[in-house]
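For reference, the chains in residue letters:
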2 protein chains.
Amino acid sequence: MNGAQALIESAISQGIEICFANAGTTELPIVMAIDKAAGIKAVLGLFEGVCTGAADGYGRLSGKPAMNLLHLGPGFANGIANLHNARRAGTPVFNVIGEHATWHRGSDPPLAMDIEGLSATVSSWTRTNSSPSDLPLDVANAVSIALGGRIASLIVPHDHQLALCKGGRPKPVERCFDTVDESEVKKAAELFMRHDRTAMLLGQRALRKEGLMYAAEIQDLTGCNLLAETFPGIIERGAGLPDIGRIPYFPEHAVSRLSGYEGILLAGAREPMAFFGYPGGISRILREDQAKAFLGTGRQDVLEAMGLLIDILKSSKKKRQQERKADAPGHPGMPDGDLDPVKVCQTLAALQPEGAIIVEEGLTTSMGYYSLTAGLAPHTILSISGGAIGYGMPCAIGAALACPDRPVISFQADGSAMYTVQALWTQAREGINITTLLCANRAYKILKMELERAGIKSPGIKARALTDLIGPDIDWVKIAGGFGVPAVSVTTAQELARAINRGLLEPGPFLIEIVL
Amino acid sequence: MNGAQALIESAISQGIEICFANAGTTELPIVMAIDKAAGIKAVLGLFEGVCTGAADGYGRLSGKPAMNLLHLGPGFANGIANLHNARRAGTPVFNVIGEHATWHRGSDPPLAMDIEGLSATVSSWTRTNSSPSDLPLDVANAVSIALGGRIASLIVPHDHQLALCKGGRPKPVERCFDTVDESEVKKAAELFMRHDRTAMLLGQRALRKEGLMYAAEIQDLTGCNLLAETFPGIIERGAGLPDIGRIPYFPEHAVSRLSGYEGILLAGAREPMAFFGYPGGISRILREDQAKAFLGTGRQDVLEAMGLLIDILKSSKKKRQQERKADAPGHPGMPDGDLDPVKVCQTLAALQPEGAIIVEEGLTTSMGYYSLTAGLAPHTILSISGGAIGYGMPCAIGAALACPDRPVISFQADGSAMYTVQALWTQAREGINITTLLCANRAYKILKMELERAGIKSPGIKARALTDLIGPDIDWVKIAGGFGVPAVSVTTAQELARAINRGLLEPGPFLIEIVL
């Protein structure tokens, strides 16, 4: 076999089942290896940001990496923004990037770039394959790193792809997780012993089902409140699961939300920081005098650490000081009349089926959605962890391919969705069940809110030109149709409800332009 | 004034007239400064690759930089592929990237990335502003660097944008060009003295009108042939200008084209290298035993160097050994019947008006266009210097804004155009006269050619899935309509001719889907 075949054989043996690709000349041997291999699906994205966003969605749902196949530096660069989101979400991702032949690289051909330099900005692990015979082990190591919730990027010169190679299914040398630091676990237990008003801030894998069950047990043992990061990569919700509040977006709201706690345990979560540093100077959301402890820092497995914490807490005498606040939100009712952001959220909340996966990138329109839905049937929410817009439409592809039996609802804003609009074509080609709520407020609304917050009441022509999406209005029904995705436009809650029901019922993708 | 206002004042004083922007919260003070300033136009791109590609087109035509305003690391990353093309084309570009407030940066907020690391992959000059009072000089230096045909990137923390600042219009410390190395000029002259069969390979500014007039004079003095790089950033052509052959794309053709020359002068051009390194091992197109000399290497001004060379040649006794081969191509006739790539090129060549700017990214469809058009009325061709697809539709925006009185013809392939399809919206909003020939062969045809070259006659299902653009077919008429660009679909040469004439006649953008 050749190096490309050895690479793909190794990837399959490490559990890789899907490859999101936009290949070029330097990746054709890998395309041919995928072509001949059983056990790996190939999905074309018409832009690399679609591929990397889809891999992010797939990894968030399945907990294991998809492979991205990307063309040299420019192809990788096009995928960086969504890899940034994946990195912040703690998503496992395995990138394979073709490189010029080793003997050709030095001639600095037109497409040559510093791929390692680009990769380092988002990858926890980057390697340029140095010998074709190392390819199986390079792949095994990359996948192992990725499985720890990280981005691993392997750069493979074209001549190494073509070289004769023995293949093999080596065990990785790199480990997914480091050993849990028991002193961290002890400190976490002490935090609960010492303080009455406590909260646990959950992030990344702690927000998946297993983590939430651990969190609920810790809550039972300590009476702590449970919170999630502002934009968790993935959070399981609904009946049977503890209700987890999210930290508000604007820093003054976040500070106010968290100020009452004496002690905070951060489990798989980073210390919360303001999204932006506004004049006034809030970076850290927590105060110095609030006690903090951490579980699952660095490369540790937060789930294992939570399990160990539970063992300690069970053997301690401390009784919990707080009553668990049982939120019992009802099923929200259906609104009617002309739509506004609140009614859009209410309509979706009223209709979303059990098992739905909500890819949330509605930004200013979807802000109210989360608080409406805690009491619904079980569902999963993905959000924009890295803040780089254009994650949602691709992410929905990966989610749908990871969970083909679950309905995916892609809750999108027009400005964000336009970043990776090409994703609609892949949704159509794959025939996956994605219902897109395309909230067309025809503006970068968040920027208008920011201008207001900065005291600018009436921006001039040029500021409006850079924040409005009018002149011309984007016709999302036509655009979706051009990509092969059926679509309708709605303006009232009743129309939206009918359209959501249609989208959920019909197989394949469907787009609802919600004119706000 | 504040830092943002000082930045914009300085930019305008350095000659910046246009800003392509997709701003976020960290750039809002700059948006407001642009809003209040006279003398700088703001153009919104719905994706950063549109902005950077438009700046590339603007810089290629005007010879001076546009400003890009980009949002943090992810926004810059989205613009990298087209900055890579601009870098390879030698286009002047001035990027301004917002950064988190200095006091907030260390908290590693969600959108934080290594912007300097990203910038270094494409910029010749990157600076993070270290004090608001330095902003005017930082801008002056960046613009000066850019004017030398390079990319200069200035990263500006949000608090520096808001800080009180004196402003000013400082002289740059950085220089556009280094002094010309006279020993290079002498060696160039000696090359022509010593060898009979010579060629001059022109690149970058040597392919603009002034450079071409110098080249014609050198040709008259030496009898050398004139050649251009395979994908020149910009080349002026047509009646009154010397006919410049382009080096073929595939390396074996390029070697054969250049093998007969004993001596080659590279003026503003890099030594030609194969686009890709195929098995067989051609990297360098020129042989060791072919004499080479260089003009305008590094940061030198190739035009000044060509002028000095002419002075030396005029004072020498050497007579030219070759007759200038006068190509006298006729005006190509109009084809008829169903379209194929050759007929598309013939139809365009037959109809393109004087002064047309052709943005060529038709790839396999436009391959025959160049050789048909040397004898036409004066026109300008831009091509894909860096090989990163998705450059054309944005580049056409910048070209049209730089030259509002000239018709722009955007000669596009479906696979490439889809990369930055959002550009159509900006074309509609600006109402610029761009006629897009969208060649829909519904495949990454170049990859199919590469597979054939590699001996793979019948790729399997997955390889076809990754190289075909069918299932569903993309409906470009609907997509263009969704962005506010009127469009028609054609299948015959007569229909194409009618559509081209309509597109050229009507103001504003127009798209012709050419089904191949």
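Residues numbered from 1 in each chain as written. Chains lettered and ligands numbered in written order. Predicted model: local features only at pLDDT ≥ 70, side-chain atom pairs only at ≥ 80, totals over all residues.

Which parts of the structure should I look at to understand the domain arrangement of chain A?
How big an interface is tends to be stated in terms of accessible area lost as the parts join. All names here are of chain A. In terms of domain boundaries, chain A breaks down into domain 1 (3-162), domain 2 (182-315) and domain 3 (341-515). Just the C-alpha atoms count here: the centres of domain 1 and domain 2 sit 33 Å apart. Facing the six residues of domain 1 at the interface are five residues of domain 2. (Domains from an automatic or database assignment. Contact = placed C-beta atoms within 7 Å.)

Explain the interface of chain A and chain B to me, please; I cannot follow it from the model alone.
Each partner contributes residues to the interface: chain A has 81 residues there, and chain B has 81 residues. The biggest single contributor to the side of chain A that touches chain B is helix α4 (residues 72-89) of chain A, with seven residues. For the side of chain A that touches chain B, the residue count by class is 48 nonpolar, 22 polar and eleven charged. (Helix = DSSP H or I, 4+ residues; strand = E, 2+ residues; numbered from the N terminus. Nonpolar A, V, L, I, M, F, W, Y, C, P; charged D, E, K, R; others polar.)

Whenever I open this one, the packing of helix α15 (residues 392-402) of chain A against helix α17 (residues 423-430) of chain A confuses me. Can you help?
Two numbers describe a pair of packed helices, the interaxial angle and the distance between the axes. All names here are of chain A. Between α15 and α17, the shortest axis-to-axis distance is 8 Å and the interhelical angle comes to 20 degrees. By the angle between their axes, α15 is roughly parallel relative to α17. For the crossing formed where α15 meets α17, the hand is left-handed. Contacts between α15 and α17 pair Met393, Pro394, Ile397 and Leu401 from the former with Ala423, Leu424, Thr426, Gln427 and Glu430 from the latter. The class makeup of the residues in the contact of α15 with α17 is six nonpolar, two polar and one charged. (Axes fitted to C-alpha atoms, helices over the stretch in contact; angles between N-to-C directions. Parallel < 35°, antiparallel > 145°, perpendicular 65-115°, else oblique. Left-handed = near helix turned anticlockwise from the far one by under 90°.)

What is the right way to read the pairing of strand β3 (residues 66-71) of chain B from this model?
Working note: regular strand, side chains alternate between the two faces of the sheet. Residue and element names in this part refer to chain B. In terms of residue burial, β3 counts as a mostly covered element, since six of its six residues are buried. Of the two faces of β3, the one holding Ala66, Asn68 and Leu70 and the one holding Met67, Leu69 and His71 are both buried throughout. In the sheet, strand β1 (residues 18-22) pairs with β3 via four bridges, with the strands oriented parallel. Looking at β3, one finds that cysteine 19 is bridged to methionine 67. The pairing of β3 with strand β4 (residues 93-99) spans six bridges and is parallel. Along β4, the bridge assignment pairs histidine 71 with glycine 98. You can see the chain leave β3, run along helix α4 (residues 72-89) and come back into β4, and the turn it takes is right-handed. (Buried ≥ 20, exposed ≤ 12 C-beta atoms within 10 Å, placed from the backbone. Pairing = 2+ DSSP bridges. Right-handed = clockwise from strand over helix to strand, strands pointing away.)

Would you mind going over the pairing of strand β17 (residues 487-490) of chain B with me for this structure?
All names here are of chain B. Summarising the sheet, β17 and strand β18 (residues 510-515) pair through four bridges and their orientation is parallel. Bridged to valine 490 within β18 is isoleucine 514. Considered for its hand, the β-α-β crossover made up of β17, helix α21 (residues 493-505) and β18 is right-handed.

What is the right way to look at the relation of the copies chain A and chain B in this model?
Two copies of the chain are present, and they differ by a rotation about an axis and a shift along that axis. Its rotation angle being 180 degrees, the transformation that places chain A on chain B also includes 0.0 Å of axial translation and leaves an RMSD of 0.0 Å. When the rotation and shift are considered jointly, the pair of chain copies conforms to a two-fold rotation axis. Relative to the rotation axis, the C-alpha of isoleucine 479 of chain A is the closest in chain A, positioned 2.3 Å from it. When the interface residues of chain A are mapped onto chain B, 100% of them again lie at the interface, so the same face is used by both copies. (Least-squares fit on C-alpha atoms with pLDDT ≥ 70 in both.)

Is there a simple way to think about the nonpolar core in this case?
Grouped burial of nonpolar side chains is what soluble globular proteins tend to show. With 361 residues, the main nonpolar core has Leu202 and Ala267 of chain A together with Leu202 and Ala267 of chain B as its most contacted residues. The contacts of leucine 202 of chain A, once residues within four sequence positions are left out, are Leu207, Gly211, Ala215, Leu226, Leu227, Ala228, Ile244, Ala267, Gly268 and Ala269 of chain A. (Core = buried A, V, L, I, M, F, W, Y, C linked by C-beta atoms within 7 Å.)

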